[in-house]
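Each chain is listed here by its residues.
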Amino acid sequence: MGNGIIEMERYSFSLGGRRILKDVSFRAGEGEYVSVVGPNGAGKTTLLKCLCRIHRGGSGAVRIAGRPLQEYGQKDLALQVSYVPQADGRLYPFTVYEFVMMGRYPHLGPFSSPGGRDERAVRDALALTGTAEFAERYPGTLSGGERQKVFIAAALAQEARILLLDEPATFLDPRHEAEIHGLLARANRERGVTILSVTHDINSAAVTSRRILALKNGAVAFHGEPDAFMNGEILAGIYEKPFLFAAHPRSGKKIVVPELFS
Amino acid sequence: MKTGSAGKGIRFAVLFALSLAVLAGAPMVGMKILPLSAVLHPESGTLESNIFWMIRVPRMLVSFLAGAALAVSGMTFQAVFRNPLATPFTLGVASGASLGTAVYIRFGLVFHFWGISGLSLSAFAGAVLSIVLVYGLTRAGRGSSTTTMLLAGVAVSFFFSSVILFLQYMSSISHSFRILRWLMGGIEPAGFESLLNMAPFVIAGSAIVFCMTRELNLLMTGEEIAAGRGVNVENTKRVLFFAASLMVGGVVAVCGPIGFVGMMVPHICRLLIGADHRYLTAFTLLFGGSFLTLCDTFARTIVAPAEMPVGIVTALLGGPFFVWLLLGRSASRGGIL
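Below or above, wherever it landed, is the structure these notes cover. (Residues numbered from 1 in each chain as written. Chains lettered and ligands numbered in written order. Predicted model: local features only at pLDDT ≥ 70, side-chain atom pairs only at ≥ 80, totals over all residues. Heavy atoms only, no water.)

Considering the sheet that holds strand E6 (residues 81–84) of chain A
Residue and element names in this part refer to chain A. Spelled out, the test is: For two strands to count as paired, DSSP must find a minimum of two bridges between them. For helices the rule is a DSSP run of H or I covering at least 4 residues; for strands it is a run of E covering at least 2, with both sets numbered from the N terminus onward. Here an angle of 0 to 180 degrees is reported between the N-to-C directions of two axes, which are lines fitted to C-alpha atoms, with helices fitted over the stretch in contact. Contacts are residue-level and defined by heavy atoms, with any inter-residue pair within 4.5 Å sufficient.
Spatial strand order, E6-E7-E8-E3-E9-E10: 6 strands in an open sheet with mixed pairing. The outermost strands of the open sheet, each flanked by one partner alone, are E6 and strand E10 (219–224). Strand-to-strand twist of the sheet, defined as the mean angle between neighbouring strand axes without regard to direction, takes the value 15°. Sheet analysis places E6 next to strand E7 (residues 162–166), joined by 4 bridges and oriented parallel. Paired with Val84 across the bridge in E7 is Leu165. With respect to the sheet, helix H1 (residues 44–51) is in contact with strand E3 (33–37), E6, E7, strand E8 (194–198) and strand E9 (211–216), its orientation differing from that of E7 by roughly 150°. The sheet strands contacting helix H5 (residues 144–157) are E6 and E7, and the helix crosses E6 at an angle near 170°.

Written out as structure tokens, the structure reads:
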């Protein structure tokens, strides 16, 4: 494996006296789509927050685009990494357009106002996410799925090389879920954005991503190709429950069968 | 709900005209109606011209600066804490500044530092102390940080108020009276000296806020999003707290604690011009300044020849507004702010 755009070596991080990440090592190559999975409380969200320095500190080495994480200023880092937090229903008093334009913050000097390049980036992000039609609306008037797309649009307008997403499709209806997966795949394919996405949906992780990183109790439990991950023993070890598999009726790929039907 | 840029321009123009009218009108109104010649000939040295230029004009400027500073610092606290109730008062910053001032008066301290009055510096130190305490307590406490912050602010505020009362109790009659009178909050017949004491604090503080309007917008969308966009959240908050403490300290040292301007003016302005701090900051500054100038003009004319503390006027207007706010009018904008 060559140099990755994200390189983490024996990284540990504690919060409030509790060790949340333990000796985590992994690499993600430029343009890769990585799904981060694992039980609740495994440290997935913390991992993302450490990568975009919402959390600071920790021991071990993290390099983004070849440069140690601690050498970045927050604004420089935002040119490399953008972050879509877990939807928490909080609203902000700005229109969708104004909010997405705030994604341009790291590109602007302290007193310069947004120019043509910024407007183009915002327009492209709105178009790619299908949010252009509600550009002038406030988030209070949008559905959960629409709001999530706006968050992704703002992160894309930031034009960073790495996109971190925390459960982008959770709590969404099947149509919006599919739309989110579709637009992330498109951003990954067309723009070459490296994606690190936290999810609980094993099937979609297996289908959408090129590599899967599984955490358990803060340590790496699996890192590799989806085909190797869809394995009864590995999944049972991570989630501490048995899994049942079936073949997808069209692609023939291995999928996890929901418990309900067993 | 969206105010277009043309609409914003019109609103700014209207506010600007109103501010000019208030600034021009306020010194003309009073117990004594002044002839125009008094205004035009400051060098004449007549009683009328002295009243206008030596008493009413500085007082008008002091009240404008104080109102502007309180409103902008309230706006800053509300954005940083993402809470409509965050103000210099609920956070204990005003009582911190009051404590600083009371200590200065009680111990008869007299010092200047580079020409800046010791009284203002003491108030500033008190303001910084309280924000450090409240912020530290909020971060140390687990659970909902907004609730913790408000509770910590109220606790610090009560504690400092008790210390002030204690200081007062232990003071001589003259010190005690000076503290009491100053605690009522008011723009005392202030000369140019008060203006010069206050101006550097207010100008420096608001200049910092004006440089950070984009960061304020991002903080309002949430700290994690702001950090992800490239805002150094901790540093930005520290700088903004410093700026707000400068302003509150500068004002409180001269005028005492004046309530409600810091809470109600930013809310009114948000309803009028929207939440974008690139416009809101200037709007709030003008509105706050004009509002307090107007209140002070009322305070000194309505019961003439006596004078009401301006805090009574602002609170009389602010109380009902506060209730209206609690009843959720501003919630229609789809946000806490």
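Some remarks on unusual backbone geometry
All names here are of chain A. Defined as follows: Residue burial is assigned from relative accessible area. The probe radius is 1.4 Å, only protein chains are included, and a residue is buried under 20% of its type maximum, exposed over 50%, and partly exposed in between.
Notably, Arg10 is not glycine yet its phi reads approximately 40°, a positive angle. Assignment of secondary structure puts Arg10 in strand E1 (residues 6–15). Although it is not a glycine, Arg53 adopts a positive phi angle of roughly 60°. Relative to the helices and strands, Arg53 is located in the loop between H1 and strand E4 (59–64). Take Arg53: its relative accessible area is 10%, and that puts it in the buried class.

A few points about the interface of chain A and chain B
Note the following rule: What gets called buried area is simply the loss in accessible area from a 1.4 Å probe that two parts show on being joined, summed for both. Counted as salt bridges are all cases of a side-chain nitrogen of Lys or Arg within 4 Å of a carboxyl oxygen of Asp or Glu. Pairs of N or O atoms are called polar contacts if they sit within 3.5 Å, as long as, within protein, a hydrogen donor faces a hydrogen acceptor (for residues adjacent in sequence, only side-chain-to-side-chain pairs).
Facing the 35 residues of chain A at the interface are 26 residues of chain B. Taking both partners together, chain A and chain B bury about 2700 Å²; carbon and sulfur atoms supply 58% of that area. When the buried area of chain A at its contact with chain B is split by residue, Pro93(A), Tyr105(A) and Tyr138(A) rank highest and sum to 24% of it. Viewed at the interface, chain B and chain A are joined by 1 salt bridge. Residues Lys49(A) and Glu224(B) are paired through a salt bridge, measuring 2.6 Å at the closest nitrogen-oxygen approach. Viewed at the interface, chain B and chain A are joined by 6 residue pairs in polar contact (both at pLDDT 80 or more). At the level of secondary structure, the elements contributing two or more residues to the side of chain A that touches chain B comprise helix H2 (74–80), E6, helix H3 (96–101) and H5 of chain A.

What about the packing of aromatic side chains?
Stated formally: When the centres of two rings from Phe, Tyr and Trp lie within 6.5 Å, Trp using its six-membered ring, the rings pair. Their planes under 30 degrees apart give stacked, over 60 give edge-to-face, and anything left gives tilted. Whether a charge sits over a ring depends on NZ of Lys or CZ of Arg being within 6 Å of the ring centre and within 35 degrees of the ring normal.
Scanning the entire structure with this criterion turns up 12 aromatic pairs over all chains. Relative to Phe241(B), the ring of Phe81(B) has its centre 5.5 Å away and its plane inclined at 25°; by these criteria the two rings are stacked. A residue pair is termed long-range when its members are at least 10 positions apart, and Phe81(B) in the loop between helix H3 (47–80) and helix H4 (93–106) and Phe241(B) in helix H11 (residues 233–255) qualify at 160 residues. There is no split in this pair, since Phe81(B) and Phe241(B) are both buried. For the ring pair Tyr135(B) and Phe241(B), a centre distance of 5.2 Å and an interplane angle of 65° mean the geometry is edge-to-face. Here Tyr135(B), found in helix H5 (residues 118–140), pairs with Phe241(B), found in helix H11; they are 106 residues apart in sequence, far enough to count as distant. Lying over the aromatic face of Tyr105(A), Lys75(A) brings its terminal NZ or CZ to 4.7 Å of the ring centre.

Side note on the sheet that holds E4(A)
All names here are of chain A. In spatial order, the strands read E2-E1-E4-E5; together these 4 strands make up an open sheet with antiparallel pairing. Of all the strands in the sheet, the pair left with one neighbour each is strand E2 (18–28) and strand E5 (67–68). Across 7 bridges, E1 lies against E2 in antiparallel orientation. By the bridge assignment, Tyr11 is partnered in E2 with Val24.

Let's talk about the nonpolar core
The following threshold applies: Nonpolar cores are built from buried Ala, Val, Leu, Ile, Met, Phe, Trp, Tyr and Cys residues. Side-chain atoms within 4.5 Å join them into one set.
Membership of the largest hydrophobic core comes to 116 residues, with the highest contact counts inside it found for Val100(A), Leu163(A), Leu184(A), Phe77(B), Leu91(B), Met198(B) and Cys255(B). Beyond its immediate chain neighbours, meaning those up to four positions away, Met198(B) contacts Val62(B), Leu65(B), Ala66(B), Gly250(B), Val251(B), Val254(B) and Cys255(B). Formed by 30 residues, the second largest nonpolar core is a distinct cluster that contains Tyr11(A), Ala28(A), Leu48(A) and Leu51(A).

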